[in-house]
Structures are given as C-alpha cells and as structure tokens.
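Architecture and fold: a report
If you want the building blocks of each chain, they are given just below.
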Amino acid sequence: MTTFVDRVELHVAAGNGGHGCASVHREKFKPLGGPDGGNGGRGGDVILVVDQSVTTLLEYHHSPHRKATNGKPGEGGNRSGKDGQDLVLTVPDGTVVLDKAGEVLADLVGHGTTYVAAQGGRGGLGNAALSSARRKAPGFALLGEPGDLQDIVLELKTVADVALVGYPSAGKSSLISVLSAAKPKIADYPFTTLVPNLGVVTAGSTVYTIADVPGLIPGASQGRGLGLEFLRHVERCSVLVHVLDTATLESDRDPVSDLDVIEEELKQYGGLDERPRIVVLNKIDIPDGQDLADMIRPDLEERGYRVFEVSAVARTGLKELSFALAGIVAEARAAKPKEEATRIVIRPKAVDDAGFTVTYDETEEVYRVRGEKPERWVRQTDFNNDEAVGYLADRLNRLGVEDALMKAGARAGDGVAIGSEENAVVFDWEPSMMAGAEMLGRRGEDHRLEAPRPAAQRRRDRDAERDDAQREFDEFDPF
C-alpha cells in the first residue's frame, strides 16, 4: 500500500454566503415597526497551512474533494447569520500549489505559511441594511454569494540541504542510514528506494538534512524509471552528492560514465547547474572497488570535483564526508539573505466603480456586460422578487451601465446579458430606469417590470425556429 504521495489533484469548494433576511418588526400597538432582517453570514474559506509534522500528501490522495461550511442565513430581529467555519488543510513543508494549467499559485515553505485556496462567498444584506430614506421598507433581501470552486494541484518538493543522486543500487540508502538515524529499506536489487528518504545529520555545530532520491537511469528526465517523478525533490537542495558504485557487476557500466549520464539527466531537467557537486566513491571495502577508485579519482579531480572514498558497510570515510557537507551547507546558509520576521500586511482589494465592459455578441444578438460588480450584483439578486429586480436596475444605472449601453448603440427592447456565456442573466433593456424607490408600489413589486418584452419574444421565436429545423432534420429519413 502506498504510504508516500508527493503529487495530488485537489478539488476545493469554499462555503456559500448566507442569504439576507427580509423581515418587518412586529410588535403590539406598533403596526409599522420597520425592517429588521439581518445579514447572512460569510462562507468559510479553504486554507492551506504548512505543518512540519506532515510529510506526505497521502490524505488528499484518498480524499481529494474538500468543502468548507456555508454561512447561515440572517433572521428577523436584526440577527445576523453565523459565519461559515474555515477549512484548514495541513500540507508538508515545500508544497507547491499549481492550477490545472501548471502555473504556480503559491510556494509554501516554512512552518505556518498559509495560502487561501478558495475564498468563501460573502453573505447577503438583509432588508434592514438595504433600507434608506427613499426605500424605507424594502420587501426583499440580497442572496449570499456562492463560494469559489477551485481545482488545484499540490506538488511536494522536499526541503533538504543535501541530495544523494545516482544509479539504482549505488548505495545511497546505505549511506543515509549510517550518516543519520534514518532507516530506509535496503536490499540487493535495483529500485529498492521508491520514495525519497530524509535524514538529519549533525557535524560539529552544524545540523543539516540529507535526502536519498530514488535511483536515476538514462532517460529519467523524460519519464523513464522513477526519475521524472522524484527529480523535483532535489530542486531545493544546497548541494548534490553523486554516489558512484565502484563495485558494479554490470560490464557495460563504470563510475565515470555513470556520472556523465546522471549529469546529463540533471541538465535536461534544468535549474540545477549552479548547485555545488561532490562525488562519493562508494563500496571501497571491496578490493576491486578500491582499485577502481584509485584509478578514476585523478580524472574526477581534474574535472573539478571534490572526491571522497567511503564504505557505508565498513563505515570508513564518513566523518570527512559529513564535515565537508556541513561546510558547504553552512556557506549556502550564510549566502542567503537574512530572514526577517513575517509581518502581517493588509492589502485591500481595489474597487473600480467603472470596472465593466459592454460588447455586442452577434451570435446571441445581445449586449454583454462583464465586470466584477455587475456580475456580483446579479448573483445576489432574487429574480422571483420584482422589487429586488428593480433594485438591481437602479444599481446598474448608478454604476453607469445604461450610459455605456447607449454609447454602444443599444436601443429600447434590445437584449442585455450580464455575465459569461455559460452563466449569464438576459433581460430586455428599457432606458431611463432612474431612481426606483419613488416609483414602487407594494412591497415586493415593481411596475416597471410589467411592460412588454419584445427582445425576449424575438429570442423565443428564434429558438422555436431552431427547434423546428432540428426536428425536421431528425425526422428526415432518406431511406
């Protein structure tokens, strides 16, 4: 059974906002108590948080669908609904958040780092909050906004200081087992290591982490073997250690050619050219291994590599290697910019009152309005309530949508769609829908909506013609 997962696709849904309440205060001897409907609660967010105790994404592999709770609706007596509870998902240190297209959304490094993967919907206003001097007793409330729906990809990139790379069975797992307290699986067959192993090494006053990456073979950067799946785990390391087998039993292999092959795969993967390298000649406890190490060491040193001869079984040469790695890690840490205490920075989202566009859609024969505010107002409108629809018309007019429609060439009775093609609200435009409060009748009604709708009739006629043509085509049988 798989116990290590470093890449998952996660489907997250934030909570919906609660609906506002339309209520009128009722009390004995007070027949006109006024509106007292409360606001709806905010929907819960889906938040990713780095937790050092979490080392795998296995939990999300088994349960990829996660949803936060919805906000509660408002109630009468000016009682606001309860906010939805945020859903906090813990992820390992070094998790990268990507969208479906592969674009990086967040790089979560450091304990406690957070990222809001899905924003909860805002609650709708109750009629108490919508009342004004001109609209003293609104007979409607705003609906809560739906929460965000996101499909994201989580990729784990191990946060380690040193990465051991090399061919399968080169002795990487044995080396990490004697340098640290890690206990990886060790056997005498290739691809024993199926997942990265982490160990903590103490060398003098320096403490660093070392990662054992599954064995690489030619073509690993293109997906052969296990290389492509786990090469990303070496991206954050400060130093790469080539573990070369000086006692290989394969006649067509030798340590120098193994080094060239692995270097070519690292080059093809990209982004690792500037990392310092160390070469470790392993298995020198075998006589032929020591002879081969003595033969190839001068050639490796001429290439500029620091070479260490070790034996994980006999535990020779480990102290020198451990302190050399500690020195490189200390230099890399000193070269990094000094970390400052994280400050809470509040960045309010800018609101642009003119943030909408009006374009003519020749296919649907409608003028399409796109913008954050108009689309949000449409989502919050209860279209079963005429007064709420009239209130939406007043808001759009004050925003400048009517003027923009006139400039775009719209005429009375033309169709107007607010929103995307997949989820738009279409209505017939009637100019000069100015202030509506003084034009209202009874609560919940708006006489402006009783006028005939020629554009809607034209659309119905056009759809009927398409249905008739499709029906004739389906019934046509040439045989």
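Just above sits the structure.
Source: prediction; values computed, not measured.

Glancing now at the overall build of the protein chain. When its secondary structure is counted, the protein chain shows eleven helices and 18 strands. Going through the 479 residues of the protein chain one by one, you find that 47% of them count as buried. Considering only contacts within the protein chain whose residues lie at least 6 apart along the sequence, 72% involve residues at least 24 apart. About 26200 Å² of surface is accessible on the protein chain, with carbon and sulfur atoms providing 51% of the total.

Ranked by size, the top nonpolar core spans 26 residues in total, and within it Val 162, Leu 175, Tyr 208, Leu 321 and Leu 325 carry the most contacts. Mapped onto this core, the elements with two or more residues apiece are strand E9 (162-165), helix H3 (172-179), strand E10 (197-203), strand E11 (206-212), strand E12 (239-245), strand E13 (277-282) and helix H7 (318-335). Looking at which element gives the most residues to this core, the answer is H7, with seven residues. Beyond its immediate stretch of four places on either side in the chain, Leu 321 contacts Leu 175, Leu 179, Ile 278, Val 280, Phe 308 and Val 310.

Here we come to the sheet that holds strand E4 (residues 87-91). The strand order across the open sheet built from three strands is E4-E2-E7, with neighbouring strands paired in mixed fashion. Sheet topology places E4 and strand E7 (114-118) at the edges, where each strand pairs with a single neighbour. Between one strand axis and the next, the sheet turns through 30 degrees on average, direction left out of account. Here strand E2 (residues 46-50) pairs with E4 via five bridges, running parallel. Each bridged residue has a counterpart across the sheet, and for Val 49 the counterpart in E4 is Thr 90.

All right, on to the packing of H3 against H7 then. For any two helices packed against each other, one specifies the crossing angle of their axes together with the interaxial distance. Direction vectors running N to C along H3 and H7 enclose 85 degrees, while the axes themselves pass 11 Å from each other. Classified by the angle their axes make, H3 and H7 are roughly perpendicular. On H7, the residues that touch Leu 175, Val 178 and Leu 179 of H3 are Leu 318, Leu 321 and Ser 322. Among the residues making up the contact of H3 with H7, the classes are represented as five nonpolar, one polar and no charged.

Below, the discussion takes up the packing of aromatic side chains. One pass over the full model with this rule turns up two aromatic pairs. Ring geometry for Phe 140 against Tyr 391: centres 5.2 Å apart, planes inclined by 45 degrees, an arrangement best described as tilted. With a gap of 251 residues between them, Phe 140 in the loop between helix H2 (127-130) and strand E8 (149-156) and Tyr 391 in helix H9 (residues 386-399) connect regions that are remote in the sequence. A single burial state applies to Phe 140 and to Tyr 391, both of which are buried. Each ring, one from Tyr 360 and one from Tyr 367, has its centre 4.8 Å from the other, and the planes form 55 degrees; the classification is tilted. A relative accessible area of 43% places Tyr 360 in the partly exposed class. When its relative accessible area of 10% is taken as the criterion, Tyr 367 is described as buried.

Judged by side-chain charge, Glu 364, Glu 421, Glu 422, Asp 461, Asp 463, Glu 465 and Asp 467 come together as a negatively charged surface patch. Structurally, Asp 461 can be placed in helix H11 (residues 454-475).

Moving on to the side chain of Thr 246. Following the sequence through the fold, Thr 246 ends up in the loop between E12 and helix H5 (255-269). Classification of Thr 246 by relative accessible area gives buried; the value is 3%. Polar side-chain contacts of Thr 246 include one of 2.6 Å to the backbone oxygen of Asn 282. Separated by 3.5 Å, the side chain of Thr 246 and the backbone oxygen of Gly 289 make a polar contact. Discounting residues that sit within four places of it in the chain, Thr 246 has contacts with Pro 255, Leu 281, Asn 282, Lys 283, Ile 284, Asp 288, Gly 289, Leu 292 and Ala 293.

For the pair helix H8 (residues 372-379) and H9, the least separation of the axes is 11 Å and the interaxial angle reads 175 degrees. One element, H8, and the other, H9, form an angle in the roughly antiparallel class. Along the contact surface, H8 presents Lys 373, Pro 374, Trp 377 and Val 378, while H9 presents Leu 392, Arg 395, Leu 396 and Leu 399. Here the contact of H8 with H9 is built from residues that sort into six nonpolar, no polar and two charged.

Rules used throughout
- Residues numbered from 1 in each chain as written.
- Predicted model: local features only at pLDDT ≥ 70, side-chain atom pairs only at ≥ 80, totals over all residues.
- Heavy atoms only, no water.
- Helix = DSSP H or I, 4+ residues; strand = E, 2+ residues; numbered from the N terminus.
- Buried < 20%, exposed > 50% of the residue type's maximum accessible area, 1.4 Å probe, protein only.
- Contact = heavy atoms within 4.5 Å.
- Areas by Shrake-Rupley, 256 points an atom, 1.4 Å probe, with all protein chains shown as cover.
- Core = buried A, V, L, I, M, F, W, Y, C linked by side-chain atoms within 4.5 Å.
- Pairing = 2+ DSSP bridges.
- Axes fitted to C-alpha atoms, helices over the stretch in contact; angles between N-to-C directions.
- Parallel < 35°, antiparallel > 145°, perpendicular 65-115°, else oblique.
- Nonpolar A, V, L, I, M, F, W, Y, C, P; charged D, E, K, R; others polar.
- Phe/Tyr/Trp six-rings, centres within 6.5 Å; stacked < 30°, edge-to-face > 60°.
- Patch = residues over 30% accessible without salt bridge, like charges linked within 9 Å, V, L, I, M, F, W, Y side chains within 5 Å.
- Salt bridge = Lys/Arg side-chain N within 4 Å of Asp/Glu carboxyl O.
- Lys, Arg positive; Asp, Glu negative; His and termini not counted.
- Charge placed at Lys NZ, Arg CZ, Asp CG, Glu CD.
- Polar contact = N/O pair within 3.5 Å; in protein donor to acceptor, adjacent residues only side chain to side chain.

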